[in-house]
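# Examination of the molecular architecture
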Amino acid sequence: MSITTVLTVDGMSCGHCEKTVSAGLAALPGVTGVSADAPTGCVTVVSAQPLDDAVLRSAVGGAGFTFVGRG
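Per chain, residue numbering runs from 1 following the sequence as it is written. Under the rules for a predicted model, residues below a pLDDT of 70 receive no local features and side-chain atom pairs below 80 are neither given nor counted, while totals for whole chains, interfaces and linings still include all residues. Here the side-chain values reflect all heavy atoms present in the structure, with hydrogen atoms and water set aside.

Moving on, we come to the pairing of strand 3 (residues 42-47). Each residue is placed in one exposure class: buried if its accessible area under a 1.4 Å probe, protein chains only, is under 20% of its type's maximum, exposed if it is over 50%, and partly exposed if it falls in between. Secondary structure elements are defined from DSSP: runs of H or I of at least 4 residues count as helices, runs of E of at least 2 residues count as strands, and each element is numbered from the N terminus. Taking every second residue as pointing to the same face, the buried face of strand 3 carries V43, V45 and S47, while none of C42, T44 and V46 on the other face is buried. Two strands form a pair only when DSSP identifies at least two bridges running between them. The sheet contact formed by strand 1 (residues 3-10) and strand 3 spans 6 bridges and is antiparallel. Bridge pairing in strand 3 links V6 to T44. As paired strands, strand 2 (residues 31-37) and strand 3 are joined by 6 bridges and run antiparallel to one another. For G33, the partnering residue across the bridge sits in strand 3 and is V46. Hairpin remark: strand 2 followed by strand 3, antiparallel, with 4 residues in the connecting loop; positive phi at G41, about 75°.

If you want it as structure tokens, here you go:
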């Protein structure tokens, strides 16, 4: 079973930003896929289990960006 979570992330402006935030989220336990889109600020995360907002916020913040919320 996989869970797809869509996040809104502020501060991404280019492909490098997409890769940086994707790498930060991909390092989380249980994450099997990440796709980021800088123009829309959307990041799609596929994981084996639900991910806590605090964990997502920490990973996104650690990559230098702002976790706005889900959706």
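Don't stop here, the text continues.
Let us now look at the pattern of salt bridges. Pairs can form between side chains of opposite charge whenever their charged atoms are close. Here, a salt bridge means any Lys or Arg side-chain nitrogen found within 4 Å of an Asp or Glu carboxyl oxygen. Considering all chains together, one arrives at 1 salt bridge under this definition. One salt bridge in this structure joins D53 and R70, with 2.6 Å as the shortest N-O distance. Taken as a pair, D53 in helix 2 (residues 53-62) and R70 in strand 4 (residues 66-70) lie far apart in primary sequence, 17 residues in all.

Given 3.6 residues per turn, any residue in an α-helix points the same way as the ones three and four places further on. Of the residues making up helix 2, those classed as buried are L56, A59 and V60. Along the long axis of helix 2, the arc covered by the buried residues comes to 95°, so they all point the same way. Residues of helix 2 that are exposed and point more than 90 degrees away from the buried face comprise S58 and G62. The contact rule is simple, with two residues in contact once any of their heavy atoms fall within 4.5 Å. Looking at the packing, one finds that the buried side of helix 2 touches strand 1, helix 1 (15-26) and strand 4. Here, the arc refers to the directions that run from the helix axis to the C-beta atoms.

On to the nonpolar core, then. Among the nonpolar cores identified, the biggest contains 18 residues, and L7, V9, M12, V21, L25 and V43 are the most heavily contacted of them. For this core, the secondary structure elements donating two or more residues are strand 1, helix 1, strand 2, strand 3 and helix 2. Not counting the four nearest positions on each side in its chain, V21 is found in contact with V9, M12, A36, V43, V60, A63 and F65. Joining through side-chain atoms within 4.5 Å is the link that ties buried Ala, Val, Leu, Ile, Met, Phe, Trp, Tyr and Cys residues into a set, and such a set is a nonpolar core.

Right, let's get into the packing of helix 1 against helix 2. Axis lines are fitted to C-alpha atoms, over the contacting stretch for helices. Their N-to-C directions set the angle, which ranges from 0 to 180 degrees. The interhelical angle for the contact between helix 1 and helix 2, taken along N-to-C directions, is 140°, at an axis separation of 8 Å. Considered as vectors, helix 1 and helix 2 are oriented oblique to each other. Relative to helix 2, helix 1 is oriented so that their crossing is right-handed. Between helix 1, through V21, G24 and L25, and helix 2, the contact on the second element is made entirely by L56, A59 and V60. Charged residues are taken to be Asp, Glu, Lys and Arg, nonpolar residues to be Ala, Val, Leu, Ile, Met, Phe, Trp, Tyr, Cys and Pro, and polar residues to be all remaining types, Gly included. Taken together, the residues of the contact of helix 1 with helix 2 sort by class into 5 nonpolar, 1 polar and no charged. Note on angle classes: values under 35 degrees are labelled roughly parallel, values over 145 roughly antiparallel, values of 65 to 115 roughly perpendicular, and the remainder oblique. By convention the crossing between two helices is left-handed if the near helix lies anticlockwise of the far one by an angle smaller than a right angle, and right-handed if it lies clockwise.

All we've got here are geometric facts, nothing functional implied.
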